[in-house]
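As a plain string of letters, each chain reads:
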Amino acid sequence: MNIIEVSHLVKEYKKIKKDKGLKGAVKNLFVQDVEYVRAVDDISFEIEKGDIVAYIGPNGAGKSTTVKMLSGIMQPTSGEILINGISPQKERKRVVKNLGVVFGQRSQLNWNLRLGETFDLLKRIYQIDDALYEKNIEMLDEIFKISEFIDTPVRQLSLGQRMRGDLVAAMLHSPEILFLDEPTIGLDVEAKYSVRKFIKEINERSKTTIILTTHDLGDVQELCRRLIIINDGKIIEDGSLDELVDRIAPYRQLVIDFYHPATIQHPKAELVSVEEARAVYKFRKDEITAARLIEDISHTAPIKEVGLQEAKIDDIIRTAYQQGRGGI
Ligand SMILES: Nc1ncnc2c1ncn2[C@@H]1O[C@H](COP(=O)(O)OP(=O)(O)OP(=O)(O)O)[C@@H](O)[C@H]1O
Ligand SMILES: [Mg+2]
């Protein structure tokens, strides 16, 4: 079942064209040339219940704009969004009950209150009953260890503590769907690890559907079965990371150290270099396995050590972004 359905979504921002210089400034007082920027340009996708989907793309691609429309904060220029069959634009209150939203770049917490007071306020806003609230706070504290700073004013929290607070705040009402826009931005290795662990746990425990926006490809690798890549407001890739890797970088490299210098050719692999007793082979994953290649070569010369190199995820995603720019 599709819990989220997006069809032909478009968002245009109004931009006022300004003439430069003093003359321009005077002119701008009287005439304003308006132009439109298409931040989201005809996007369609569906998301199944319980899935974790990475929604990634370069800066300015239109990710946050999409998340804002999905969560009903912003009106689309055109197109339709259905969350559990309901439009967040038409029935925002009903939809929001099932949503948790975190914008890593901007906290939703009240800076003037202690963290615990902020949670109490949200409890009242969402009308969460006492039993559920207690249960959720307990579960979320288990994962996030928030009790350590529950009495600290929000403005005094460190970035990592604040992010944990924001995640808890988004989960207090047990939403079925989470929109996480850069939830690991600026976090140290340990905090990042705990946020990832949390996302995994909440997805497994409660079958929460998650859309995750991030620039950290480690997040994508660790968490997401599917990724949607957008660029210039358009979807340029939609599928699994493995599929993307296979398509963009179907090659692997095998480094073999022999006991003695050896130049051994193989029909299914390209011998890239030979340097003393070290040979480097390049081969396509779909043509031969590394194990088979090693076995074949070892029949001719004894092998001391092997190393296998996969294409780096950063390079693959960078290639995907570039393809989007060039327009494939
Ligand atoms: N309120 C706004 N008014 C006008 N233009 C906007 C507004 N918000 C965003 N934009 C423009 O829309 C485009 C998409 O912005 P958006 O914030 O959705 O990108 P993003 O993919 O989230 O980028 P980042 O990775 O930097 O967060 C950008 O060109 C941005 O300048
Ligand atoms: Mg953004």
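Sequence order as written defines the numbering, with residues in each chain counted from 1. For naming, the first written chain is A and the first written ligand is 1, with later ones following in the order written. In keeping with the predicted nature of the model, local features appear solely for residues at pLDDT of at least 70, side-chain atom pairs appear and are counted solely at 80 or more, and the whole-chain, interface and lining totals rest on all residues. Side-chain calculation: all heavy atoms of the structure are included, whereas hydrogens and water are not.

Draft legend 1. Representation of the sheet that holds strand β13 (residues 303-309) in the model. Ordered by their spatial adjacency, four strands build an open sheet running β11-β12-β10-β13, and the pairing between neighbours is antiparallel. Either end of the sheet is taken by a strand with one partner, and the two such strands are β11 (269-275) and β13. When the angles between neighbouring strand axes are averaged without regard to direction, this sheet yields 20 degrees. A pair of strands is treated as paired once DSSP finds two or more bridges between them. Going along the chain from the N terminus, every DSSP run of H or I of four or more residues is numbered as a helix, and every run of E of two or more is numbered as a strand. To get an axis, fit a line to the C-alpha atoms, keeping to the stretch in contact for a helix; angles then go from 0 to 180 degrees between the N-to-C directions.

Draft legend 2. Local environment of the side chain of Asp 51. Mapping Asp 51 onto the fold places it in the loop between β2 (33-48) and β3 (52-56). Accessible area is worked out with a 1.4 Å probe on protein chains only. A residue is then buried under 20% of its type maximum, exposed over 50%, and partly exposed in between. Taking the relative accessible area as the measure of exposure, Asp 51 reaches 14% and is therefore buried. Apart from the residues lying within four places of it in its own chain, the contact partners of Asp 51 are Asn 203, Thr 208, Thr 209, Ile 210, Arg 225 and Arg 226. Whether two residues touch is decided by their heavy atoms; if any such pair falls within 4.5 Å, the residues are in contact.

Draft legend 3. Layout of the domain arrangement of the chain. Under the domain assignment, the chain is made up of domain 1 (2-9 + 40-245) and domain 2 (250-310). Residue ranges for the domains originate in an automatic or database domain assignment. Taking only C-alpha atoms, the centre of domain 1 and the centre of domain 2 are 45 Å apart.

Draft legend 4. Local environment of the packing of aromatic side chains. Aromatic rings from Phe, Tyr and Trp, with only the six-membered ring used for Trp, were paired whenever their centres fell within 6.5 Å, and each pair was classed as stacked if the ring planes differed by under 30 degrees, edge-to-face if by over 60, and tilted otherwise. Tallying each qualifying case throughout the model produces two aromatic pairs. Seen in terms of ring centroids, Phe 45 and Tyr 55 are 5.8 Å apart; in terms of plane orientation they differ by 50 degrees. Their pairing is tilted. Pair noted here: Phe 45 is in strand β2 and Tyr 55 is in strand β3, with a separation of 10 residues, a long-range link. This pair shows no difference in class: Phe 45 is buried, exactly as Tyr 55 is. Relative to Phe 198, the ring of Phe 144 lies with its centre 4.4 Å away and its plane at 50 degrees, an arrangement referred to as tilted. Of this pair, Phe 144 sits in helix α5 (residues 130-144) while Phe 198 sits in helix α7 (residues 189-206), placing them 54 residues apart in sequence. Each member of the pair, Phe 144 as well as Phe 198, is classed as buried. Cation placement over rings: the criterion is NZ of Lys or CZ of Arg within 6 Å of the ring centroid and within 35° of the ring normal. When the ring centre of Tyr 133 is taken as origin, the NZ or CZ atom of Lys 123, which lies over that ring, is 5.6 Å away. One cation-aromatic arrangement involves Arg 284 over Tyr 251; the distance from NZ or CZ to the ring centre is 5.7 Å.

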